[in-house]
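# Fold and geometry: a report
This is what each chain is made of:
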Amino acid sequence: MLSRSLVWRKKHGVDKILSEYQEPPVVKEHFPGAWHGHDREGRPVFLLRLGQMDAKGLIRSVGEEGLTKLTLHICEEGIKLTEDSAHRLKQPISTWTMLLDLEGLNMRHLWRPGIKALLHIIEICEANYPETLGRVLIIRAPRVFPILWTLVCPLIDETSRAKRSEEHTSELQSPLQS
C-alpha cells in the first residue's frame, strides 16, 4: 500500500501541491469548505457545508480532476496543520476533524456524476491518506441523508465508517480560542 501511494504521489505531484496549487476563482468564490479552528484535542477542523455545495456547477467548472486536486490540497493542508498543532501543543496529533454541515442537502445532491466524484475522492483518501481523518461530525442532517448514507456507506471502509458521528458541535473551539 505504501509503495503504491508513493508512486501515486509522484504521478500526481502531491509533494508540490501546497506550493504550486492555485485555487481556481470558481473554487475561491463557491466552494463551501475551509479550515476553521481546532477541536478539544487540538486537531484542526475542516468545515464543509456539503448541503450548500453546488456539486454539479463545481464539477462542470473545474472537472473531476480539478475537484481531485482541491481534495489533495485540503488533505495536504490537513497534514501540515496537524503537524503545526502537535508542535504548538507539544503532544502527538496526527489526525484532523471534519465538521460536515448537511443543511440544505436534498435530492438534487444525488446527481450521479456528483456521487461518482464523491466516491472517487473517498477512494483516493482511503488509499493515500489512511488514518489522517480522526473524526467526522455531522450536523443538520436532513431527511435525505439516510438515502445518501445508504448509497455511499458500503463503499467506505469500516474504520472510516466508524468515524462518522452525529454529535453536537460543543467540542469545537472557535479560531479565537485556538
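See the structure shown above.
What you see is a predicted model, and the numbers here were worked out from it, not measured in a lab.

### Digging into the packing of helix α4 (residues 55–89) against helix α5 (residues 112–128)
Each pair of packed helices can be summarised by the angle the axes make with each other and by the distance between the axes. Contact geometry of α4 with α5 gives a least axis separation of 11 Å together with a crossing angle of 25 degrees. In terms of axis orientation, α4 runs roughly parallel to α5. In terms of crossing hand, the pair formed by α4 and α5 is right-handed. Between α4, through Ile59, Glu64, Leu67, Thr68, Thr71, Leu72 and Cys75, and α5, the contact on the second element is made entirely by Pro113, Gly114, Lys116, Ala117, His120, Ile121, Ile124 and Cys125.

### Topic: the nonpolar core
Among the nonpolar cores identified, the biggest contains 35 residues, and Phe31 and Leu100 are the most heavily contacted of them. For this core, the secondary structure elements donating two or more residues are β2 (44–48), α4, β3 (96–101), α5, β4 (133–139) and α6 (145–152). Residue contributions to this core peak at eight residues, all from α4. Val45, Leu99, Leu137 and Ile139 belong to the second-largest nonpolar core, a separate cluster that totals five residues.

### Re the pairing of β4
Extensive coverage of β4 is indicated by the burial of five of its seven residues. Relative to β4, β3 runs parallel, the two sharing six bridges. Of the residues in β4, the one forming a bridge with Asp101 is Ile139.

Calculation rules
Residues numbered from 1 in each chain as written. Predicted model: local features only at pLDDT ≥ 70, side-chain atom pairs only at ≥ 80, totals over all residues. Heavy atoms only, no water. Axes fitted to C-alpha atoms, helices over the stretch in contact; angles between N-to-C directions. Helix = DSSP H or I, 4+ residues; strand = E, 2+ residues; numbered from the N terminus. Parallel < 35°, antiparallel > 145°, perpendicular 65-115°, else oblique. Left-handed = near helix turned anticlockwise from the far one by under 90°. Contact = heavy atoms within 4.5 Å. Core = buried A, V, L, I, M, F, W, Y, C linked by side-chain atoms within 4.5 Å. Buried < 20%, exposed > 50% of the residue type's maximum accessible area, 1.4 Å probe, protein only. Pairing = 2+ DSSP bridges.

Function cannot be read off these values alone, since they describe shape.
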